[in-house]
Amino acid sequence: MTASSLPQPRLPKNPPEPPEPPRPHLFPPSLVYDCRHATTLPGTPVANPANSADATVKRACVEASSVAKFYWDVFGRDSIDGAHMTLVSSVHYSTKFNNAFWNGAQMTYGDGDGATFLDFTLSNDVIGHELTHGVTQHSLGLAYSGEAGGLNESISDVFGSMFRQWEANQVATQADWLIGAAIIGPVAHQKGFTCLRDMAAPKAAHALAAQPDHYYPGIGNLDPHYSSGPPNLAFCKAATAIGGHSWDKAGKIWYKAQTGFGPSPNMTMPQFAARTRSLAQSMFASTPAVHAAVDAAWTAVGL
Ligand SMILES: [Zn+2]
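As the structure is a prediction and not an experimental result, all values here were calculated from the model.

Trainee: I would appreciate a short explanation of the nonpolar core in the present structure.
Mentor: If you look at the biggest cluster of nonpolar residues, it comprises 72 residues, and the most contacted ones within it are F70, F75, F159, F235, W254, F272 and W298. A domain-level breakdown of this core finds at least three residues from each of domain 1 (30-137) and domain 2 (146-300). Once residues lying within four places of it in the same chain are set aside, the contact partners of W254 are V158, F159, F235, F272, T276, V294 and W298.

Trainee: It is not clear to me how the sheet that holds strand β1 (residues 30-34) should be interpreted in this structure. Could you clarify?
Mentor: Strands pair in a sheet through their backbones, by hydrogen bonds, and they do so in one of two ways: parallel or antiparallel. Strand order across the open sheet formed by 5 strands is β2-β1-β3-β5-β4, with mixed pairing between neighbours. Here the strands that pair on one side only, and so sit at the sheet edges, are β2 (44-45) and β4 (100-102). Here β4 pairs with strand β5 (residues 107-110) via 3 bridges, running antiparallel. Pairing of W102 across the sheet is with M107, part of β5. Running over the sheet, helix α1 (residues 55-75) touches β1, β3 (87-93) and β5 and is turned about 150° from β3. Across the sheet, helix α2 (residues 124-137) lies against β3, β4 and β5, angled at about 20° from β4, the strand it touches most.

Trainee: Can you help me understand the packing of α2 against helix α3 (residues 146-168) in this one?
Mentor: Geometrically, a packed helix pair is captured by the angle between its two axes and the distance between the axes. Axis separation between α2 and α3 bottoms out at 7 Å; the angle between their running directions is 130°. In terms of axis orientation, α2 runs oblique to α3. Helix-helix and strand crossings are classified by hand; for α2 and α3 the assignment is right-handed. Here N124, D125, G128, H129, T132, H133 and T136 of α2 come into contact with α3, specifically with N152, E153, I155, S156, D157, F159, G160, S161, F163, R164 and E167.

Trainee: I tried to follow a nonpolar patch on the surface on my own but got confused; where do I start?
Mentor: Taken together, the side chains of Y216, L222 and Y226 present a nonpolar region at the surface, about 240 Å² in accessible area. Among the structural elements, L222 can be located in the loop between β7 (197-198) and α5 (224-227).

Trainee: What is the right way to read the layout of surface pockets from this model?
Mentor: In this approach the atoms are scanned with a rolling probe the size of a water molecule, which exposes any empty space left behind. A volume near 540 Å³ is recorded for the largest pocket. Around the largest pocket, the lining comprises 26 residues; the ones closest to its centre are A100, H129, Y144, E153 and H225. Here the element with the most residues in the lining of the largest pocket is α2; it accounts for 6 residues. Broken down by class, the residue content of the lining of the largest pocket amounts to 13 nonpolar, 9 polar and 4 charged. Three or more residues apiece are contributed to the lining of the largest pocket by two domains, here domain 1 (30-137) and domain 2 (146-300).

Basis of the calculations
- Residues numbered from 1 in each chain as written.
- Predicted model: local features only at pLDDT ≥ 70, side-chain atom pairs only at ≥ 80, totals over all residues.
- Heavy atoms only, no water.
- Core = buried A, V, L, I, M, F, W, Y, C linked by side-chain atoms within 4.5 Å.
- Buried < 20%, exposed > 50% of the residue type's maximum accessible area, 1.4 Å probe, protein only.
- Domains from an automatic or database assignment.
- Contact = heavy atoms within 4.5 Å.
- Pairing = 2+ DSSP bridges.
- Helix = DSSP H or I, 4+ residues; strand = E, 2+ residues; numbered from the N terminus.
- Axes fitted to C-alpha atoms, helices over the stretch in contact; angles between N-to-C directions.
- Parallel < 35°, antiparallel > 145°, perpendicular 65-115°, else oblique.
- Left-handed = near helix turned anticlockwise from the far one by under 90°.
- Patch = residues over 30% accessible without salt bridge, like charges linked within 9 Å, V, L, I, M, F, W, Y side chains within 5 Å.
- Areas by Shrake-Rupley, 256 points an atom, 1.4 Å probe, with all protein chains shown as cover.
- Salt bridge = Lys/Arg side-chain N within 4 Å of Asp/Glu carboxyl O.
- 1 Å grid on protein atoms, 1.4 Å probe; cavity = no way out; pocket = protein on both sides within 12 Å on 5 of 7 lines; lining within 4 Å.
- Points joined across faces, edges and corners; volume = space filled by probe spheres on them.
- Nonpolar A, V, L, I, M, F, W, Y, C, P; charged D, E, K, R; others polar.

In structure tokens:
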């Protein structure tokens with residue numbers, strides 16, 4: 001056989017298969033446990049929590065899933081750890097418990113005493129706040145003391161507030177920037193309190209936990225819920241000056257600062273501010289107004 005007599009390759013009978021369409025993202029499971037007023041975690045598992053007749057169970061489940069969707073749709077992050085971690089929430093923790101917390105592995109919500117605080121699942125920004133503590137744990141790994149503690153708290157408020165704005169489809173200038181407005185009980189309301197914290201006015205008298213709004217050396221000696229005031233205000237100022245949805249530009253910068261550089265447990269506020277300034281420049285090089293807004297926002301709070 002000579003080369004010229006080799007059989008010609010046959011054309012395939014059928015055209016090649018088109019590539020498979022991308023599969024829809026599978027969100028992590030959202031489990032809910034009922035503590036039934038005990039303090040043992042996680043408590044008793046609730047079957048089918050997304051359809052529970054207990055509104056607290058249902059909210060904890062649905063809103064945790066919504067936070068996962070927010071992180072995926074906006075930042076491309078798959079759950080708290082970036083690796084599809086199951087979301088675990090415990091509700092009805094203890095009796096008249098006036099708090100919610102992330103314990104390193106799960107969220108826990110108290111029912112509130114009905115006077116100062118209502119059920120802590122009522123504020124979706126509180127749910128976003130607690131889950132974001134998990135994101136921080138798995139990225140920047142900030143400590144919960146010193147300036148790093150204040151940054152840790154602030155990042156939870158920033159993403160909790162952004163999540164609330166995202167659910168309401170609000171632009172930054174429409175947002176009220178309040179944290180915990182829906183968990184303030186009747187007795188606290190009578191005293192003039194309308195929120196736990198106000199990111200746009202940290203010192204405001206209507207905030208149950210009014211905060212400093214200006215950085216000073218030594219601010220790290222405060223409880224992290226107070227030292228978070230200046231970085232909270234900086235994010236609010238940057239996002240409102242940039243305009244549009246807070247998560248489109250300011251949020252993307254903060255997310256990259258939080259997740260793009262590995263752990264930095266003892267990061268200081270000036271270091272975090274410097275990182276976001278530099279990211280604003282590199283990520284939005286063709287829009288210098290973004291860097292100008294971020295720079296001015298930090299300068300305004302003394303950073
Ligand atoms: Zn917190």
